[in-house]
Structures are given as C-alpha cells and as structure tokens.
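What the coordinates show
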Amino acid sequence: MTNSEDKPPPAVGAYWIKEEDYPALLQLFDDGDKMPPNWKEWLKMAEEMEQGLKAYGHVVLRVYIDPATFPDWCAAHGTSPGSTGRRKFVAAAVTESYGRQA
C-alpha cells in the first residue's frame, strides 16, 4: 500500500439549517426557489447525503448557516448568498477546523 492509500478520505463539510431558520434562508438564498419547499424534505435530503459521505469514510462537518450573519459573510468574501456562497462558507469552516487537506 502506498501512503495515499493509507490516508483516510478528507473531511468534508455539509451546510446545515435549523428548522426555525429555513423559511428565512429560502428567502435569502438566490437559489431558494430550487430547494425543497419545507425543512423536513430538506433534512431528509441532507441526512441521506451525509450518510453517503460517511459510508465512504469521510468525516462530515455540519456547518450551520445563520440567516442573520450569512449575508454579511458573503458580502465580506465577495460571493452571493446562494450555492456558491454556501460552498465557500462550508469550505472555509472545514479549513478552519481541519486545516488544508491535500
């Protein structure tokens, strides 16, 4: 086995939403109209994705998005509060928690 085969898969992040924040975030996200219409449907999808990642050996970091602070974070990082902003936000949280992973 080579060293690359010995290393576990990298940690990954998944954006997470609290039920009470879901309606506000749907309004905030520029792609909110493409998301499940209610939190329970979103949660089912998110949990299935999380379980799939864990099944491949990834550590999954849940990164909560707060509707009160996310727009300011996006503005400060030159991104929109949609899928691109969520990806960048999650990536920053994973880097902060686990460092740069090769």
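Below you will find a few notes about this structure. Please read all numbers here as calculations on a predicted model, not as lab measurements.

1. What to know about the nonpolar core
By size, the foremost hydrophobic cluster in this structure holds 22 residues, and its most contacted members are Ile 17, Tyr 22, Phe 29, Met 35 and Trp 42. For this core, the secondary-structure elements that each account for two or more residues are strand S1 (12-16), helix H2 (22-28), helix H3 (39-55), strand S2 (60-64), helix H4 (70-76) and helix H5 (83-98).

2. Let's talk about H5
Taking 1.5 Å of rise per residue, the 16 residues of H5 would be expected to cover 22 Å, and the 22 Å separating its terminal C-alpha atoms lies within 8% of that figure. Those residues of H5 not exposed but buried are Gly 85, Arg 86, Phe 89, Val 90, Ala 93 and Val 94. When H5 is viewed along its axis, its buried side chains cluster within an angular range of 165° and face the same direction. Contact partners of the buried residues in H5: S1, S2 and H4.

3. A short note on the packing of aromatic side chains
Tallying each qualifying case throughout the model produces 6 aromatic pairs. Taken together, a centroid distance of 5.9 Å and an interplanar angle of 35° make the contact between Tyr 15 and Trp 42 tilted. Of this pair, Tyr 15 sits in strand S1 while Trp 42 is found in helix H3, placing the two residues 27 residues apart along the sequence. Here Phe 29 and Phe 70 contribute two aromatic rings whose centre-to-centre distance is 6.0 Å and whose plane-to-plane angle is 85°, an arrangement assigned as edge-to-face. Of this pair, Phe 29 sits in the loop between H2 and H3 while Phe 70 sits in helix H4; the two residues are 41 residues apart in sequence, bridging distant segments of the chain. Counting every residue linked through ring pairs, the aromatic cluster contains Tyr 15, Trp 16, Tyr 22 and Trp 42. Its guanidinium or amino end placed over the ring of Phe 29, Arg 86 lies 4.4 Å from that ring's centre, counting from NZ or CZ.

4. Let's talk about the layout of surface pockets
Each pocket or cavity is described by its volume, and for the largest pocket that value is around 240 Å³. Here the element with the most residues in the lining of the largest pocket is H5; it accounts for 5 residues. Of the residues contributing to the lining of the largest pocket, the split by class is 8 nonpolar, 2 polar and 2 charged.

5. So, the side chain of Asp 21
Mapped onto the elements, Asp 21 comes out in the loop between S1 and H2. Although Asp 21 is buried, it forms no salt bridge, and the closest oppositely charged side chain is Lys 18 at an N-O distance of 5.5 Å. Those residues in contact with Asp 21, other than ones at most four positions away along the chain, are Ile 65 and Pro 67.

6. Considering the pattern of salt bridges
Two side chains of opposite charge can pair, provided their charged atoms sit close to one another. One pass over the structure, following the stated rule, counts 4 salt bridges. Across the pair Glu 48 and Lys 44 runs a salt bridge, and its minimum N-O distance is 2.7 Å. With Glu 48 and Lys 44 both in helix H3 and 4 residues apart, this pair spans about one turn of that helix. Relative accessible area serves as the criterion here: at 48%, Glu 48 is assigned to the partly exposed category. Between Lys 54 and Glu 50 there is a salt bridge, with the nearest N and O atoms lying 4.0 Å from each other. Of this pair, Lys 54 and Glu 50 both sit in helix H3, separated by 4 residues, roughly a single helical turn. Given the relative accessible area of 40%, Lys 54 is considered partly exposed. Residue classification places Glu 50 among the buried positions, given a relative accessible area of 3%. Three or more residues joined by partner-sharing salt bridges are found here, namely Glu 50, Lys 54 and Arg 62.

Calculation rules
Residues numbered from 1 in each chain as written. Predicted model: local features only at pLDDT ≥ 70, side-chain atom pairs only at ≥ 80, totals over all residues. Heavy atoms only, no water. Core = buried A, V, L, I, M, F, W, Y, C linked by side-chain atoms within 4.5 Å. Buried < 20%, exposed > 50% of the residue type's maximum accessible area, 1.4 Å probe, protein only. Helix = DSSP H or I, 4+ residues; strand = E, 2+ residues; numbered from the N terminus. Expected span 1.5 Å × (residues − 1). Arc of directions from axis to C-beta. Contact = heavy atoms within 4.5 Å. Phe/Tyr/Trp six-rings, centres within 6.5 Å; stacked < 30°, edge-to-face > 60°. Lys NZ or Arg CZ within 6 Å of the ring centre and 35° of its normal. 1 Å grid on protein atoms, 1.4 Å probe; cavity = no way out; pocket = protein on both sides within 12 Å on 5 of 7 lines; lining within 4 Å. Points joined across faces, edges and corners; volume = space filled by probe spheres on them. Nonpolar A, V, L, I, M, F, W, Y, C, P; charged D, E, K, R; others polar. Lys, Arg positive; Asp, Glu negative; His and termini not counted. Salt bridge = Lys/Arg side-chain N within 4 Å of Asp/Glu carboxyl O.

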